[in-house]
Amino acid sequence: MNLQNLHKRPLPAQPWAEGEKIPWNDPAFSQRMLHEHLTQEHDAASRRATVIKKHIKWIHNKLLAKKPSRILDLGCGPGLYCAELAALGHVCHGIDFSPASIAHAVKTAPANCSYTLGDLRTTEFPAGFDLVLFIFGEFNVFKPAHAREILQKAYAALTPGGSILLELSTFDAVEQMGNQQPSWYTSSGGLFSAGPHTCLMESFWDEDQSAATERYIILEPDGQLTHYASTTQAYTEDDISSLQKECGFGGVAFHDSLTGQTSESPEDFFVVTATK
Ligand SMILES: C[S@@+](CC[C@H](N)C(=O)[O-])C[C@H]1O[C@@H](n2cnc3c(N)ncnc32)[C@H](O)[C@@H]1O
């Protein structure tokens, strides 16, 4: 793709065809993304500390009934949840493929926290956990076949009676994502490039596959054009419940949010727990 033939790009973009997600695992991108995780100005990459504390309270008090537990956090980012849970006496292990996030998590880890830099699609999960966390909608940003394999590996990582806590984007939120109007912005330096650039964005909703594809085209002043795409799979409650059961889980239960309550300004996520 280049600027001159941009008009020839495939329309609509097909789910998963142009890449699976934004380049979380690219070292320079992950360094810039770490800033977005840690900022207290927005909740885009990780929630702000005040929100995370509310989530931790619910997980610790309600889900784990304050019982010291072994917790596996999938897509743990910079370890913000692991660190808080470890402070309450839990033993935590996080897996993420962002080098800068894992470096930050390791650097700030309390004694009972450990991390693996690895891709959830290919990394073997350690075993013996009471709880597997997979939050903030990242489950949706895997091809359905990979999502299923990750659930199967999560099941194997749990002790009998252990639980999985998934936080997914709602079907409506994914559909809305796919139906956004094209837009663009200029920046003197940001997530997609450290230097000045223009970002062109367009989105597509695939009704048949219930998937939203977002395309990002980054234009640099020297004419370099970089193209990223990310596809998000929409799941209904029935879809996810069936998938959990097919992976061996029982006791599937839905919750309004990671605080256990319907928030005053509802987020675009729903929470499902299931047990081994
Ligand atoms: C939205 S962030 C959430 C981070 C963290 N769970 C939190 O709430 O603070 C999604 C995380 O998933 C990670 N991730 C995405 N795809 C992954 C993959 N294939 N393997 C490992 N980690 C992945 C990203 O690097 C990122 O840290």
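Every value quoted in this text rests on a predicted model; they were computed, and no experiment measured them. (Residues numbered from 1 in each chain as written. Predicted model: local features only at pLDDT ≥ 70, side-chain atom pairs only at ≥ 80, totals over all residues. Heavy atoms only, no water.)

What follows deals with the packing of aromatic side chains. Note on aromatic pairs: each is described by the distance of the centres and the angle between the planes. A complete count under the given rule lists 10 aromatic pairs for this structure. Plain terms: the ring middles of Phe-134 and Phe-142 are 6.0 Å apart, the flat faces sit at 65 degrees to each other, and that makes the pair edge-to-face. The exposure class assigned to Phe-134 is buried, which follows from its relative accessible area of 2%. The class for Phe-142 is buried, based on a relative accessible area of 5%. Among the aromatic residues, those joined into a ring-pair cluster are Phe-29, Phe-192, Tyr-216 and Tyr-228. The ring of Tyr-155 carries the charged tip of Lys-276 above its face, separated from the ring centre by 4.8 Å. (Phe/Tyr/Trp six-rings, centres within 6.5 Å; stacked < 30°, edge-to-face > 60°. Buried < 20%, exposed > 50% of the residue type's maximum accessible area, 1.4 Å probe, protein only. Lys NZ or Arg CZ within 6 Å of the ring centre and 35° of its normal.)

What follows covers the sheet that holds strand S10 (residues 250-255). If you walk across this open sheet you meet the seven strands as S3-S2-S1-S4-S5-S11-S10, and the pairing is mixed. Here the strands that pair on one side only, and so sit at the sheet edges, are strand S3 (113-117) and S10. Here the strands of the sheet are splayed against their neighbours by 15 degrees on average, with no regard to which way each runs. Relative to S3, strand S2 (residues 91-96) runs parallel, the two being bridged by five bridges. (Pairing = 2+ DSSP bridges. Helix = DSSP H or I, 4+ residues; strand = E, 2+ residues; numbered from the N terminus. Axes fitted to C-alpha atoms, helices over the stretch in contact; angles between N-to-C directions.)

Next up on the list: the sheet that holds strand S6 (residues 183-187). Read across the sheet, four strands follow the order S6-S7-S8-S9 without closing on themselves; strand pairing throughout is antiparallel. Edge positions in the open sheet fall to S6 and strand S9 (225-233), since each of these has one partner strand only. Strand after strand, the sheet turns through a mean of 20 degrees between neighbouring axes, direction not considered. Relative to S9, strand S8 (residues 211-219) runs antiparallel, the two being bridged by nine bridges. Opposite Ala-211, over in S9, you have Gln-233 as the bridge partner.

Once that is clear, we can look at helix H1 (residues 27-38). The end-to-end C-alpha distance of H1 is 17 Å, a good match for the 16 Å that 12 residues give at a rise of 1.5 Å each. The inward-facing, buried residues of H1 abut helix H3 (80-87) and helix H4 (99-107). (Expected span 1.5 Å × (residues − 1). Contact = heavy atoms within 4.5 Å.)

In the vicinity of the ligand, 20 residues are found, and the nearest of them are Lys-21, Ser-46, Gly-75, Asp-96 and Leu-120. Within the backbone of Phe-97, a nitrogen or oxygen atom sits 3.2 Å from a nitrogen atom of the ligand. Within the side chain of Asp-119, one N or O atom sits 3.0 Å away from a nitrogen atom of the ligand. When grouped by side-chain class, the residues that make up the shell around the ligand number nine nonpolar, six polar and five charged. (Near = heavy atom within 4 Å. Polar contact = N/O pair within 3.5 Å; in protein donor to acceptor, adjacent residues only side chain to side chain. Nonpolar A, V, L, I, M, F, W, Y, C, P; charged D, E, K, R; others polar.)

What follows covers the packing of helix H2 (residues 49-63) against H3. Where H2 contacts H3, the two axes come as close as 10 Å, and the packing angle between them is 50 degrees. Here H2 is positioned oblique relative to H3, judged by the angle of their axes. Pair H2 / H3 crosses with right-handed handedness. In this structure, H2 contributes Ile-52, Lys-53, His-55, Ile-56 and Ile-59 to the contact, and H3 contributes Leu-80, Tyr-81, Glu-84 and Leu-85. (Parallel < 35°, antiparallel > 145°, perpendicular 65-115°, else oblique. Left-handed = near helix turned anticlockwise from the far one by under 90°.)

Below, the discussion takes up the environment of Thr-236. Take Thr-236: it is sitting in the loop between S9 and helix H7 (237-246). Under the relative-accessibility criterion, Thr-236 is labelled partly exposed at 30%.

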